[in-house]
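# Tertiary structure, described
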Amino acid sequence: SFGVAAGVSHRGRHGDRGGLGDSAADPSLKQVVGSHMEAIAHGLWASAAVISKNRWTTVRMPLSWTVWWAVFPDVLAFGPSFAAGLWLWLMGNPSSVSTDGHVLPHVHIGWPLYSAGHSLVMFLLVFALATILARRVLFAMLGWLLHIVIDVPTHSLSYYATRFLWPLSDYRID
């Protein structure tokens, strides 16, 4: 199990930890493992969607890129904290040793990466820009949209509430 704290270190306007719920300051083993398992589940859902779509339509979607985009929001949100904690652990930084039984030291990165990666607004901006630059629709990026659509109704205020209208609004569904 990986014990790096996934939450951001600043407080949001509503007094919580950046939309991640109060438990993000010290996530339980269930939450830490759950966040990794959710990324795997998003990849599996995207795989199922692409395989079904490719069987029934003539427009083909690349499976590997769609799966990448389906897990991208969680990689963006949790990857930097995990990488920083792993780096500190590998370098043997004595001031970063976790005293609470976690494998990796806690690393809080105060960027709104979770909100950015789980925002419909940000998705639409990046999708539009990528489509313009590529001069074609990049259907594989719809894996990112699928991730957001799954997370909005399945996450609560106490477990990684999805600010799907960020940065325009902090509205979340419980």
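Since this is a predicted model, take the numbers as computed values, not measurements. (Residues numbered from 1 in each chain as written. Predicted model: local features only at pLDDT ≥ 70, side-chain atom pairs only at ≥ 80, totals over all residues. Heavy atoms only, no water.)

### Considering the overall build of the protein chain
Basically, it comes down to this: Labels follow the DSSP assignment, with helices taken as runs of H or I lasting at least four residues and strands as runs of E lasting at least two, numbered in each case from the N terminus. Classification of residues uses two cut-offs on accessible area relative to the type maximum, computed with a 1.4 Å probe and protein chains only: under 20% is buried, over 50% is exposed, and between them is partly exposed. We call two residues contacting when some pair of their heavy atoms lies within 4.5 Å. The Shrake-Rupley method, run with a 1.4 Å probe, gives the accessible areas here. Residue values count only the displayed protein chains as cover.
If you tally the helices and strands in the protein chain, you get five helices and zero strands. N-terminal to C-terminal, the α/β element order of the protein chain is α-α-α-α-α. Burial status across the protein chain gives 43% buried among its 174 residues. Long-range pairs, those at least 24 residues apart, make up 63% of the contacts in the protein chain with a sequence separation of at least 6. Counting only carbon and sulfur atoms, one obtains 70% of the accessible surface of the protein chain, whose full area is about 9,700 Å².

### A closer look at a nonpolar patch on the surface
So the rule is basically this: A patch is a set of surface residues, each over 30% in relative accessible area and not in a salt bridge, joined within 9 Å for like charges and within 5 Å for the nonpolar side chains Val, Leu, Ile, Met, Phe, Trp and Tyr. Criterion for a salt bridge: a side-chain nitrogen of Lys or Arg within 4 Å of a carboxyl oxygen of Asp or Glu.
Taken together, the side chains of Val59, Val137, Phe139 and Leu142 define a hydrophobic patch exposed on the protein surface, amounting to about 290 Å² of accessible area. Within the secondary structure, Leu142 sits in helix H5 (residues 142-154).

### Details of the pattern of salt bridges
Enumeration over the complete set of coordinates arrives at one salt bridge. A salt bridge links Asp170 to Arg163; its shortest N-O distance comes to 3.9 Å. Arg163 carries the same exposure label as Asp170, and that label is buried.

### Remarks on the nonpolar core
Our working definition: Among buried residues, the Ala, Val, Leu, Ile, Met, Phe, Trp, Tyr and Cys ones that are joined through side-chain atoms within 4.5 Å form a nonpolar core.
Counting residues in hydrophobic clusters, the biggest one holds 11 residues: Trp69, Phe72, Phe123, Phe127, Ala130, Ala140, Met141, Trp144, Ile148, Val152 and Phe164. Listing elements by their share of this core, those giving two or more residues are helix H2 (63-91), helix H4 (120-134) and H5. With residues near it in sequence (within four places) discarded, Ile148 still touches Gly117, His118, Ser119, Leu120, Phe123 and Phe164. Among the nonpolar cores identified, the runner-up in size contains five residues, and Ala77, Phe78, Tyr114 and Tyr160 belong to it.

These figures come from the coordinates and say nothing about function on their own.
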